[in-house]
Amino acid sequence: EAGVAQSPRYKIIEKRQSVAFWCNPISGHATLYWYQQILGQGPKLLIQFQNNGVVDDSQLPKDRFSAERLKGVDSTLKIQPAKLEDSAVYLCASSSWETQYFGPGTRLLVL
Amino acid sequence: AQKVTQAQTEISVVEKEDVTLDCVYETRDTTYYLFWYKQPPSGELVFLIRRNSFDEQNEISGRYSWNFQKSTSSFNFTITASQVVDSAVYFCALSEDQSGNTPLVFGKGTRLSVIA
């Protein structure tokens, strides 16, 4: 069974630029999450989807972050414009029931 | 509010030593799940174990064992006869209900270094 796929793996941008991350969950997994992991900390939820609907986006900085999950499969997370404090690893996870499985993450560095 | 505390920031052990990683959690829910994940240098979070709040039996999987004690709100993880490949950051996490389709609340992680 293929795992959660994410791309790109690394991205370096300057502040105020835009960036987008892509996630392909495990086949059949209805629930998809985006987490932000700042260096030295545990991951923190940004947004949760159930199929193509948003379940929880209370911690998403909506003035600059947006996410979508068209057709209930792949998802895209966008940051526009990026700030220095957005430097982090962005992790995508999916679950069908009890356990979340994570992708390899995208390491973002904002200069 | 839920909270997970991993008081040990970094641990270093010599290969073949046993090591225990501590995890203490807070929740007002009576039903919940506890998890441990491993994050090697590659960055991917690897699932190790899930335990529901009604099952306090200790679990052993090879060199790994977990001790869940509701009375002290702890879910500790022991690696027996540690190996260099065990070097990673280990995260304890909490999910508020049994469905599994709720976000995880993570601790800050414990960085384990196993020295040959």
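One structure accompanies this document, and this report is about it. (Residues numbered from 1 in each chain as written. Chains lettered and ligands numbered in written order. Predicted model: local features only at pLDDT ≥ 70, side-chain atom pairs only at ≥ 80, totals over all residues. Heavy atoms only, no water.)

## As for the environment of Ile38(A)
All names here are of chain A.
- Within the element layout of this structure, isoleucine 38 appears in the loop between strand E4 (31-37) and strand E5 (44-50).
- Isoleucine 38 gets classed as partly exposed once you look at its relative accessible area, which sits at 31%.
- Between the C-alpha atoms of isoleucine 38 and serine 95, which are 57 residues apart in sequence, the distance is 23 Å. (Helix = DSSP H or I, 4+ residues; strand = E, 2+ residues; numbered from the N terminus. Buried < 20%, exposed > 50% of the residue type's maximum accessible area, 1.4 Å probe, protein only.)

## Considering the interface of chain B and chain A
- With 22 residues of chain B at the interface, the matching set in chain A holds 25 residues.
- Taken as a group, Leu45(B), Asn101(B) and Pro103(B) account for 29% of the area that chain B buries against chain A, more than any other trio of residues on that side.
- Applying the counting rule to chain B against chain A returns 7 residue pairs in polar contact (both at pLDDT 80 or more).
- Residue assignment for the side of chain B that touches chain A shows that the elements contributing at least two residues are strand E5 (33-39), strand E6 (46-52) and strand E11 (104-106) of chain B.
- Ranked by the residues each element gives to the side of chain B that touches chain A, the list is headed by E5(B), at 4 residues.
- Of the residues belonging to the side of chain B that touches chain A, the class tally is 10 nonpolar, 9 polar and 3 charged. (Contact = heavy atoms within 4.5 Å. Buried area = accessible area lost by both parts, 1.4 Å probe. Polar contact = N/O pair within 3.5 Å; in protein donor to acceptor, adjacent residues only side chain to side chain. Nonpolar A, V, L, I, M, F, W, Y, C, P; charged D, E, K, R; others polar.)

## Examining the nonpolar core
- The biggest cluster of nonpolar side chains holds 23 residues, and the ones touching the most others in it are Trp36(B), Phe75(B), Phe77(B), Tyr90(B) and Leu112(B).
- Sort the elements by how many residues they give to this core and strand E10 (residues 88-95) of chain B lands first, with 4 residues.
- Judged by nonpolar contacts, the second largest core, of 21 residues, contains Ile47(A), Leu77(A), Ala82(A) and Val110(A). (Core = buried A, V, L, I, M, F, W, Y, C linked by side-chain atoms within 4.5 Å.)

## Section: the pattern of salt bridges
- Summed over all chains, the structure comprises 5 salt bridges over all chains.
- When the shortest N-O distance is used, the salt bridge between Asp57(A) and Lys62(A) registers 3.8 Å.
- Given the relative accessible area of 49%, Lys62(A) is considered partly exposed.
- With a closest N to O distance of 3.0 Å, Arg51(B) and Asp55(B) form a salt bridge.
- With relative accessibility at 6%, the residue Arg51(B) sits in the buried group.
- The exposure class assigned to Asp55(B) is partly exposed, which follows from its relative accessible area of 24%.
- Members of the salt-bridge network, linked through shared partners, are Arg51(B), Asp55(B) and Glu59(B). (Salt bridge = Lys/Arg side-chain N within 4 Å of Asp/Glu carboxyl O.)

## Regarding the environment of Phe65(A)
- With respect to the secondary-structure elements, Phe65(A) resides in strand E7 (residues 65-68).
- For Phe65(A) and Leu46(A), which are 19 residues apart along the polypeptide, the C-alpha to C-alpha distance reads 9.1 Å.

## With respect to the state of the cysteines
- Counting across every chain of the model gives 2 disulfides over all chains.
- Note that Cys23(A) is cross-linked by a disulfide to Cys92(A), the S-S spacing being 1.9 Å. Its S-S torsion of about -70 degrees marks the bond between Cys23(A) and Cys92(A) as left-handed, since a negative value means left-handed. Within this pair, whereas Cys23(A) is found in strand E3 (residues 19-24), its partner Cys92(A) is found in strand E9 (residues 88-95), the two being separated by 69 residues in sequence. Both residues of the pair, Cys23(A) and Cys92(A), count as buried.
- For Cys23(B), the disulfide goes to Cys92(B), at an S-S distance of 2.0 Å. Here the S-S torsion is close to -65 degrees, and the disulfide linking Cys23(B) with Cys92(B) is therefore left-handed. One end of the pair, Cys23(B), is in the loop between strand E3 (19-21) and strand E4 (24-26); the other, Cys92(B), is in strand E10, with 69 residues separating them in the sequence. (Disulfide = S-S within 2.5 Å.)

Take it as geometry only, folks, not as evidence of what the structure does.
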